[in-house]
Amino acid sequence: MKLNPHHWVVLLSVLLASCAAGSGIRIIDLSDYQGRYDTTDMSPFIRTLLENTAGDDNVKLVFPKGTYHFWPEFAAGKYHSITNHDNGYRHFAFPLTERRGIEIDGSGSEFIFHGRIIPFLIEHSQRVTLRNFTVDWEIPFTLEGKVVATDTTTSSVEIEIPDKFGYTFENNKLIMRAEGWEERILGENIVFDPRTMATAYRSDDYYIPKPDNFDISVSEKAPGRYELHTRFVRALPPVGSVLTFKGVFTQNRHSPAIHAMAASELLVEDVTIHHCGGMGLIAEKSENITARRLRVVLREGSPRMITTTADATHFCNCRGTVLVEKCVFENMLDDATNVHGSYVRVTEVPASDQVIARINHPQQAGYEFADADDEIDVVDGQTLLTKHSLKVKKTERINEHYIRLTFTTPVTGKLAPGDGLENMTWYPELIFRNNIVRNNRARSILISTPRRVLVEGNTFSSMMSAILFEGDMDHWYESGAVRDVTIRNNRFLDGTYGGADFPTIYINPHQKKMVPGKPYERNITIENNLFRTFNEQLLRAKSVGNLIFRGNTIELSETYKPYNNLPTIDIRNSEGVIIENNRYNKSGKIKIAQN
């Protein structure tokens, strides 16, 4: 039965009366009201339900197991900034704002989304639990085509596109279009291998670079079959592989599955995400977050090769504890997990106690860098090393890119334009354990936090490095030199197969100048892990103090043909390095380069 959205207000007094007596938790069980909402578009019902539920109520919303669709037309909406995504007017299926205790229990249901919509917004809320449901889109924000023929003389490939993707052919162009959205430029691309269900071996060779991927000439050979004329970096993709596109950078991250902003005590448990147009879970300025048995995986039987079009999970300037355990992350177009802070750059010193700073990365515009009483480190713009520490008295936003910070003490002589600022109040402890990461583009995890880090019991297999440490003030502006990291009892299997010379573990701070005796990263222990890879290099590090690599088992596999002859371990500009008691199951010795 199709209900007028305005009728839901009448029903809510009945719905909200359903309560667990004496439990202190208000139970709203939708199974008691089947037929009174429209499963083909639940957005207006959920919006009205939440609008009429007090924010300080302790609420549990229970869905009877089923399939529920959500469209943006009658969903809540506003102009919205999301770090590491594209800002704009966004719609939200579950706008969980100013909540003080709410649980969404899907009972194993499937939530199917249509068009550009963010399933869950958790904003200025505490004690939020999401569990027991699957997130997917009816039509994905990607285009994927099986390569059925190639021609090196014309630099062209023929692809077949399954019916499940939204696109049209106009004026010799393929345009991604469906359910109220479109991407007129195919843009960012990568090749997958359907035999391994992973990004293809040496996939970098088959990349269509800029500006070519902005203007790909297409001719229609038959319905669903198209010939693409363009330039590939080194070679045409193999027949049988799958060529995928996701649109243009700074336009294609609009619909993450879960966005947490200024949230605390967030639990995401037994949730599956098959797809979204951005990150699976993106959290910023939030604290104490747990992802347990979160599965970012392909839907069984689907022709898709891609799950999330960006990271599976991402934590920017969070604090407390970030716990990620017993999860499976596969086939993303970016990393499984990235934990970091953010550098902003000083542009002006207008008063003795003030600075104006710029938020530099385009996908951090509107980001909330600091609040009163936050501890700020001043870092040298060249070395990234700390110069001084300050405390914020007042913060003012000038616009999306510029902020004015007033400090409790004078800044004269402590900083200059070009230096960076780093918020030391907002960094979390990270526990990443018993997870599986596989078949994705980019890395497995990125670690940038000075708090304690434990990476334990995981299995990693990504096309680039499994673990990356990389602070920088020249591109992503991600901060957080590490001080206490333990990486133990993990399995590193056949990673770094994308074609570039990445090591399995890469410690690579972007310092324009290094200072002898003052490393950027400190106290990293890598022990009792299994490395079974076809490429030789396992660890490359620079600017590290107290680096231990011990008790690891190293085996060379024959899954792929090696394409470099780099030393097993390469250490530069570091101190306090210990390499001992490692087992190398191959004739010869571990090759170590150290400077």
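A. Focus on unusual backbone geometry. With omega at 0°, the peptide bond leading from Lys210 into Pro211 counts as cis. One non-glycine residue, Glu98, lies in the positive phi region at around 55°. Within the fold, Glu98 resides in the loop between strand S5 (88–97) and strand S6 (100–113). Owing to a relative accessible area of 43%, Glu98 belongs among the partly exposed residues under this scheme. Positive phi is not limited to glycine here, since Thr250 has a value of about 75°. Tracing the backbone shows Thr250 in the loop between strand S18 (242–245) and strand S19 (258–261). A relative accessible area of 38% means that Thr250 is categorised as partly exposed.

B. Seen up close, the confidence of the model for the protein. Scored by pLDDT, the protein comes out at a mean of 95, with 96% of its residues at no less than 70. Counting contacts from residues 6–11, a segment whose pLDDT is below 50, to residues more than four positions away or on other chains yields 10 contacts. Considering only residues more than four positions removed or in separate chains, one finds that residues 17–22, a stretch of pLDDT under 50, has 11 contacts.

C. Fine view of the sheet that holds strand S11 (residues 167–170). Sheet architecture is open: three strands sit in the order S11-S12-S13, paired in antiparallel fashion. Among the strands making up the open sheet, the edge pair consists of S11 and strand S13 (181–183). Averaged over all pairs of adjacent strands, the angle between their axes in this sheet comes to 30°, without regard to strand direction.

D. Spatial organisation of the sheet that holds S18. Pairing within the open sheet is antiparallel, and its seven strands lie in the order S15-S14-S18-S9-S10-S17-S16. Both outer strands of the open sheet, strand S15 (198–199) and strand S16 (217–222), are each paired with one neighbouring strand and no more. Where strand S9 (residues 143–151) meets S18, four bridges bridge the pair, whose relative direction is antiparallel. Looking at the pairing, Leu143 lines up with Phe245 of S18.

Cut-offs used in this document
- Residues numbered from 1 in each chain as written.
- Predicted model: local features only at pLDDT ≥ 70, side-chain atom pairs only at ≥ 80, totals over all residues.
- Heavy atoms only, no water.
- Helix = DSSP H or I, 4+ residues; strand = E, 2+ residues; numbered from the N terminus.
- Buried < 20%, exposed > 50% of the residue type's maximum accessible area, 1.4 Å probe, protein only.
- pLDDT = per-residue confidence, 0-100.
- Contact = heavy atoms within 4.5 Å.
- Pairing = 2+ DSSP bridges.
- Axes fitted to C-alpha atoms, helices over the stretch in contact; angles between N-to-C directions.

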